[in-house]
Amino acid sequence: MTRLWLKTPLAILGEGAEGGIVVEDGRIAEILASGAKPSEPVDEVFDASRHVVLPGLVNTHHHFYQTLTRAHPAAIDKELFPWLQSLYPIWARLDPDSFRLSVRLALSELLMSGCTTAADHHYLFPGGLGDAIDIEAEEAQRLGMRVTLTRGSMDLSEKDGGLPPDSVVQDADTILADSERLIGRYHDRSEGAMVQIALAPCSPFSVTKRLMMESAALAERHDCRLHTHLGETEDENAFCEERFFCRPVDYLEEVGWLGPRTWLAHGIHFTTEECARLGRHKVGVCHCPASNAVLASGFCPVNELKAAGAPVGLGVDGSASNDASNLMEQVRHALMVGRLNYRSATVITARDAIDLATVGSAACLGRTDIGRIAVGLQADLALFTLDELRFSGAHDPIAALVLCGATRADRVMVKGTWRVLDGLPVGLDLARLRAEHGAAAWRFA
């Protein structure tokens, strides 16, 4: 087993780690105070004196396939419901080859931004794409990224009063059978797991009550997590009140989802009482600041949720609403949007924003082995330099990553292995990927 000393970083987000950390067997083996040396000999020393070291960032909500439809003319300048209605017929043309490229590109973008763990919510299964989650698992393994792959689903189409067209939905029996197959094949419950499966009926306006309830029972039986969009728009509130005669959080409780197994995407339109309920039941919420801004959906009540005890993480959301897959950018967006929402410069700090993307996101995914720099935890690390002009004159290196706008990590480590070197993913031809993905995307024009 190789022992690697990341020596004397410029700055590190780890208490008492000014002298660096020792990595062994995929974990953090030692944390060294300033001037200290490893307790045992090391095989390799990496001089980190140019680097700011963060825990690997954790993305808790994404739609990888949407990299194919960024800035699409059919959807620009629209809010969520008309945005979805414009894009569903286009997404219905998704095929295995273009999907694979979309996943590879999204994971590469994330990795280069310092993200080491990503949760994807894939809910579109047009004909011929039944193995979408298998493709995602293969691509994640190829890049060496940690993933929570959520088996998304839609079984409530336009003809049944839902939002999506018939061509992109499946029946509940097919969805539940495939969910069990994926759990059996990929869901790793052990510490340091590289692939986990969660169940993710898409949203109240695209799934039936039966699917929500049976997914909850399946997750309980197989010890996996639950994920869905909730509280994203006022339109969603109106839909739930009209169809289910209650608000979205009440609906969540009715179908058996109000518990610590669940994390939600967006969580914007919650009342103070609903925030308290979610916190009391330890329901996680993924904050998606850029997507919320692009779609004009509103402000997530991050501080109210945290104060109530709800885990709050960070996500890039779909690359056709965010139009990017860069989690470090989202950290800065979370800071800016949070201060605008609360009209205060003290209500959220740069370190608070980083915490959303690390410890908060890890909690949303039910992971206690990632998200922090501490002895025994997984060696998932993002190393940034401050060499660009934008950082010149910065005095607090960690705050500078957020305030000055870091976008790209210099090195990224997952499970003790370097996966990004000199800003580039190891073993990946980026120029070829850009060309192939771009060609695939033109088919969705």
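Rules used in this analysis
Residues numbered from 1 in each chain as written. Predicted model: local features only at pLDDT ≥ 70, side-chain atom pairs only at ≥ 80, totals over all residues. Heavy atoms only, no water. Helix = DSSP H or I, 4+ residues; strand = E, 2+ residues; numbered from the N terminus. Buried < 20%, exposed > 50% of the residue type's maximum accessible area, 1.4 Å probe, protein only. Salt bridge = Lys/Arg side-chain N within 4 Å of Asp/Glu carboxyl O. Pairing = 2+ DSSP bridges. Axes fitted to C-alpha atoms, helices over the stretch in contact; angles between N-to-C directions. Contact = heavy atoms within 4.5 Å. 1 Å grid on protein atoms, 1.4 Å probe; cavity = no way out; pocket = protein on both sides within 12 Å on 5 of 7 lines; lining within 4 Å. Points joined across faces, edges and corners; volume = space filled by probe spheres on them. Nonpolar A, V, L, I, M, F, W, Y, C, P; charged D, E, K, R; others polar.

For the rest of this paragraph, the subject is the side chain of S203. Locating S203 in the fold gives a position in the loop between β10 (195-201) and α5 (209-222). Overall, S203 belongs to the buried group, its relative accessible area being 0%.

Moving on, we come to the pattern of salt bridges. If you walk through the whole model with that rule in mind, you get 29 salt bridges. The partner of D173 in a salt bridge is R210, with the nearest N and O atoms 2.6 Å apart. In this pair, D173 is assigned in helix α4 (residues 172-186) and R210 in helix α5, connecting sequence segments 37 residues apart. For D173, a relative accessible area of 48% gives the class partly exposed. For R210, a relative accessible area of 38% gives the class partly exposed.

Spatially, eight strands are ordered β7-β8-β9-β10-β11-β12-β13-β14 in an open sheet, and the strand pairing comes out parallel. A strand with exactly one partner marks an edge of an open sheet, and here the two such strands are β7 (57-59) and β14 (312-314). When the angles between neighbouring strand axes are averaged without regard to direction, this sheet yields 25°. As paired elements, strand β13 (residues 284-287) and β14 share three bridges and run parallel to each other. Its bridge partner being in β14, C286 is matched across the sheet by G313. Packing of helix α12 (residues 350-364) onto the sheet brings it into contact with β7, β11 (225-230), β12 (262-266), β13 and β14, and relative to β14 it is tilted by some 120°.

Overall, the coordinates contain three cavities of 30 Å³ or more when judged by the stated rule. Considering the residues around the largest cavity, the lining is formed by 17 residues, among which L80, W83, L84, Y123 and H229 are closest to the centre. A per-element tally of the lining of the largest cavity places helix α1 (residues 80-91) first, with four residues. When grouped by side-chain class, the residues that make up the lining of the largest cavity number eight nonpolar, seven polar and two charged. Considered as a void within the structure, the second largest cavity measures approximately 40 Å³ in volume.

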